[in-house]
Amino acid sequence: MADDLCLLQIHAHPDDEASKGAGTSAKYAAEGIRNVLVCCTGGEEGDILNPAMDRPDVRADLAGVRMAELEASARAIGYDSVQMLGYRDSGMPDTEANARADNFANAPLDEAVERFVKIIRAERPQVIITYHEDRNWYPHPDHIRVWEISGPAFDAAGDPDRFPDAGEPWQPSKLYYVAWSMARVKALHAVYLDRGQESPFARWFEGENSMPDRDERFTTRIDVSEHLGARRAALLAHAKESAVVMHCLPAHRGEEITNDVLDGAASLVWRQVFHRRTAMIGVLRWIKEETS
Ligand SMILES: [Zn+2]
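Only a predicted model underlies this, so the values are computations on that prediction, with no experimental measurement involved.

Draft legend 1. Spatial organisation of the packing of helix H6 (residues 109–123) against helix H7 (residues 141–157). Packing of H6 against H7 leaves a shortest axis separation of 9 Å and a crossing angle of 55°. When the interaxial angle is binned, H6 and H7 end up oblique. Where H6 crosses over H7, the two elements pack in a sense that is right-handed. Across the interface between the two elements, Leu-109, Ala-112, Val-113, Phe-116, Val-117, Ile-120 and Arg-121 of H6 pack against Glu-148, Ile-149, Pro-152, Ala-153, Ala-156 and Ala-157 of H7. Residue composition of the contact of H6 with H7, by class: 11 nonpolar, no polar and two charged.

Written as structure tokens, this is what we have:
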């Protein structure tokens, strides 16, 4: 039966699949469900944040390095298939990369939707996980674009009148939004402070830039506590960034802290913390019939 089931996640850059939803796909992969990763860009504008990787040979082939990291990460999570949407990283607003015509954010919306529809029709997932609409907290143009194409592609994939050259129509059943849980962030932040350590989450609570609390929107939580190793391996596969990026080293440390302090503690917070930490997954559910 599992042969017929497919979970598809769409992400903006190589490394997003490791920091968002990794535990979820690892869990379903372990249950024999086919997992498909759609990566929209090559991550060409990523910074080399790990000093050990800031070498001429890495700089000369950044795109190749990122693809190799993506493959290793996807393998660690258990993805069966990695599909590139084929766009260039859009960079952050007001950068040179952001003005390029061949980047994801500047590509015609319908063209990007059609590419995604083509993958959905070929892979036939029942469930798609994407980003939610409120991108103020992290307004990367590529992350915004992922959301912008996901709803239209979800709707068009099953409609024979839309994109007739993009394959046999296939209507997925559910679209989920992945997001951070404030409960998880607060719990981890508190543990760092309790230990007298600097919290990587301090800035998340600062004034205008504080992360909004949207936890009431979560409809679905997935216990991925048995799949943390896969998530960790996926993060570490992105060596170019993994020494310092918030998702990686602090989260990696956070994993140990969470295990020490919260392991065995009952309650939702435990599940949220675990779950958030692993996959940022208290997913926001959006069932097609519930929207208009
Ligand atoms: Zn990204």
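Draft legend 2. Inspection of the nonpolar core at higher detail. Grouped together as the largest cluster of nonpolar side chains are 59 residues, with contacts concentrated most on Val-38, Cys-40, Phe-116, Val-117 and Ala-153. In this structure Val-117 touches Ala-153, Ala-156, Ala-157, Phe-163 and Ala-166, once residues within four positions along its chain are discounted.

Draft legend 3. View of the environment of Gly-158. Inspection of the secondary structure assignment puts Gly-158 in the loop between H7 and strand E5 (174–178). As for Gly-158 and Trp-170, which are separated by 12 residues in sequence, their C-alpha atoms are 4.5 Å apart. Those residues in contact with Gly-158 that sit more than four places away from it in its chain are Pro-169, Trp-170 and Gln-171.

Draft legend 4. Layout of the packing of helix H2 (residues 22–30) against helix H9 (residues 228–237). Relative to each other, H2 and H9 sit at 125°, their axes nearing to 8 Å. Comparing their axes, H9 and H2 come out oblique. The interaxial crossing formed by H2 with H9 has right-handed handedness. Only Leu-228, Ala-230, Arg-231 and Ala-234 of H9 make contact with H2, whose side of the interface consists of Ala-22, Gly-23 and Ala-26. By residue class, the composition of the contact of H2 with H9 is five nonpolar, one polar and one charged.

Draft legend 5. Main features of H6. In a regular helix each residue adds 1.5 Å, so 15 residues correspond to 21 Å; H6 covers 21 Å between its end C-alpha atoms and thus fits that length. Restricting attention to buried positions, one finds in H6 the residues Ala-112, Val-113, Arg-115, Phe-116, Val-117, Ile-119, Ile-120 and Glu-123. Within two residues after H6, Arg-124 carries a phi angle of roughly 55°, on the positive side.

Draft legend 6. Region of the structure containing the pairing of strand E2 (residues 34–41). Burial of E2 is extensive: eight of the eight residues sit out of reach of the surface. Examined bridge by bridge, strand E1 (residues 6–11) and E2 share six bridges and lie parallel to one another. For Leu-8, the partnering residue across the bridge sits in E2 and is Val-36. Note: E2 against strand E3 (residues 81–87), five bridges, orientation parallel. Paired with Val-38 across the strands is Gln-83, a residue of E3.

Draft legend 7. Broad picture of helix H8 (residues 182–194). Relative to the 18 Å expected for 13 residues at 1.5 Å per residue, H8 spans 18 Å between its end C-alpha atoms, a close match to the ideal helical length. Restricting attention to buried positions, one finds in H8 the residues Met-182, Arg-184, Val-185, Ala-187 and Leu-188. Of the residues trailing H8, Gly-196 is marked for its positive phi of about 70°.

Draft legend 8. Quick look at the environment of Lys-20. Tracing the backbone through its elements, the reader meets Lys-20 in the loop between helix H1 (16–19) and H2. Measuring from C-alpha to C-alpha, the distance between Lys-20 and Ala-179 comes to 8.0 Å, with 159 residues separating the pair along the chain.

Conventions and cut-offs
- Residues numbered from 1 in each chain as written.
- Predicted model: local features only at pLDDT ≥ 70, side-chain atom pairs only at ≥ 80, totals over all residues.
- Axes fitted to C-alpha atoms, helices over the stretch in contact; angles between N-to-C directions.
- Helix = DSSP H or I, 4+ residues; strand = E, 2+ residues; numbered from the N terminus.
- Parallel < 35°, antiparallel > 145°, perpendicular 65-115°, else oblique.
- Left-handed = near helix turned anticlockwise from the far one by under 90°.
- Contact = placed C-beta atoms within 7 Å.
- Nonpolar A, V, L, I, M, F, W, Y, C, P; charged D, E, K, R; others polar.
- Core = buried A, V, L, I, M, F, W, Y, C linked by C-beta atoms within 7 Å.
- Buried ≥ 20, exposed ≤ 12 C-beta atoms within 10 Å, placed from the backbone.
- Expected span 1.5 Å × (residues − 1).
- Pairing = 2+ DSSP bridges.

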